[in-house]
Amino acid sequence: MKLEVIVSTMNKKSIDFYKDINIKTDAIIINQNGKNEYEEKIIDDYKIRMFSTDTKGVGKSRNLGILNANADILLICDDDEVLDDDYDKKILNAFEKNPDVDFFVFKTRIYQGGKTIEKVKEEKYLSLYNCLRYGAVHYAFRRDRILKKNIFFTTYFGAGTEIGSGEDSIFITDAIKKGLKVKTNKSLIAEVYNDDSTWFKGYDEKFFYDKGKLWKALFPKTTRLFIEQFILRHPEFFDQIDKKKARKLLVKGAKDFVK
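In this numbering scheme, every chain counts its residues from 1 along its sequence in written order. The model is predicted, so local features are restricted to residues of pLDDT at least 70 and side-chain atom pairs to those at 80 or more, both for listing and for counting; the totals for chains, interfaces and linings are taken over all residues. Only hydrogens and water are removed before side-chain values are computed, so all heavy atoms of the structure are retained for them.

A. Just the overall build of the chain, in detail. From N to C terminus, the chain includes 8 helices and 10 strands. Just to be clear, the radius of gyration here is over C-alpha atoms, and the globule rule we use is 2.2 Å times residues to the power 0.38. Compactness check: the chain gives a C-alpha radius of gyration of 18 Å against a globular reference of 18 Å for 259 residues, within 12% of the reference. Its C-alpha atoms give the chain principal-axis dimensions of roughly 60 × 40 × 40 Å. Any two residues having at least one pair of non-hydrogen atoms within 4.5 Å are treated as being in contact. Across the chain, every contact between residues at least 6 apart in sequence was considered, and the portion connecting residues at least 24 apart equals 67%. Accessible surface computed for the chain: about 13100 Å², of which carbon and sulfur atoms make up 48%. The positive count covers Lys and Arg only, the negative count covers Asp and Glu only, and His and the chain ends enter neither. Just so you know, the charge point we use is NZ for Lys, CZ for Arg, CG for Asp and CD for Glu. Averaging the locations of the 48 positively and 41 negatively charged side chains of the chain gives two centres separated by 7 Å. Every helix listed is a DSSP run of H or I at least four residues long, and every strand listed is a run of E at least two residues long, numbered separately from the N terminus. The protein chains shown are the only cover counted for residues, whose accessible areas, like all others here, come from Shrake-Rupley with a 1.4 Å probe.

As structure tokens, this is what we get:
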């Protein structure tokens, strides 16, 4: 069983960028830099491949990585994280011990806004109702199971599109809806330095409007229920905009997504 890392990034000048992430396995770097080029580098017993592309959007870049990957297990990685020295052993060990699991959500330590965030606190199977808090920096999955179920990242949501986030939520819910077994794992695989977000600009009108679109995409039949739950569960989001206006923006986003 082999592991390959899929890294989405922009405007990198050298394939040696892999060193910043501490990659020690096979890897594919998708470098969105306005060019169409290919480069590879062999280090010891693993290969780093970099595809430069003129396409835009994190969904497109991750899909390109998945389609060109060769390994059994794929790890999604952003360019603002540093992998643990033993990430490969932790990930492969988890899959070997759990042959029924198709998709693991691993523990990462996220540094953001002066806070340290660790979202994986226990090991459990995930459902549609408790999987949305985990971003793609936690994801590792069996490539063949993803391809057989035709699961890819949406190109309508995510960095590089008009809606700067949500592609990871749609990916993991698609996996669960299509019958894949998804489970959390408490092994720490990376530290993520998330202060330089390219999409988050605060809880403004666009945030709530885009979130309404996402809820409609995720739960088309129960959108309004999830909008109300979202408002109730996150009172900290209403410093810039009051709840009444936020609700209107969420509903408008949902309606416009259908259009």
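B. Here's a closer look at the nonpolar core. Take the buried Ala, Val, Leu, Ile, Met, Phe, Trp, Tyr and Cys residues and link them wherever side-chain atoms come within 4.5 Å; each set so joined is a nonpolar core. Exposure categories follow from relative accessible area, calculated using a 1.4 Å probe and restricted to protein chains: below 20% of the type maximum is buried, above 50% is exposed, and the middle band is partly exposed. Phe 103, Val 105, Tyr 139, Phe 141 and Phe 208 are the most contacted members of the largest nonpolar core, which totals 48 residues. Sorting the residues of this core by element identifies strand E2 (26–32), strand E5 (73–78), strand E7 (103–112), strand E9 (139–142), helix H5 (167–177), helix H6 (205–218), helix H7 (223–233) and helix H8 (243–258) as the ones contributing at least two each. One finds Val 7, Ile 29, Met 50 and Phe 104 within the second-largest nonpolar core, a separate group that totals 29 residues.

C. Fine view of H5. Here H5 lies mainly inside the structure; 9 of its 11 residues are buried. Where the residues of H5 are buried, they touch helix H2 (58–68), E7, E9, helix H4 (143–148), strand E10 (182–193) and H6. Among the residues trailing H5, Gly 179 stands out with phi positive, at a value near 95 degrees.

D. Local environment of the environment of Leu 232. Its place among the elements puts Leu 232 in helix H7. On the basis of relative accessibility, which here comes to 69%, the residue Leu 232 falls in the exposed class. Each C-alpha atom of the pair Leu 232 and Lys 243 lies 9.4 Å from the other, and the pair is 11 residues apart in sequence.

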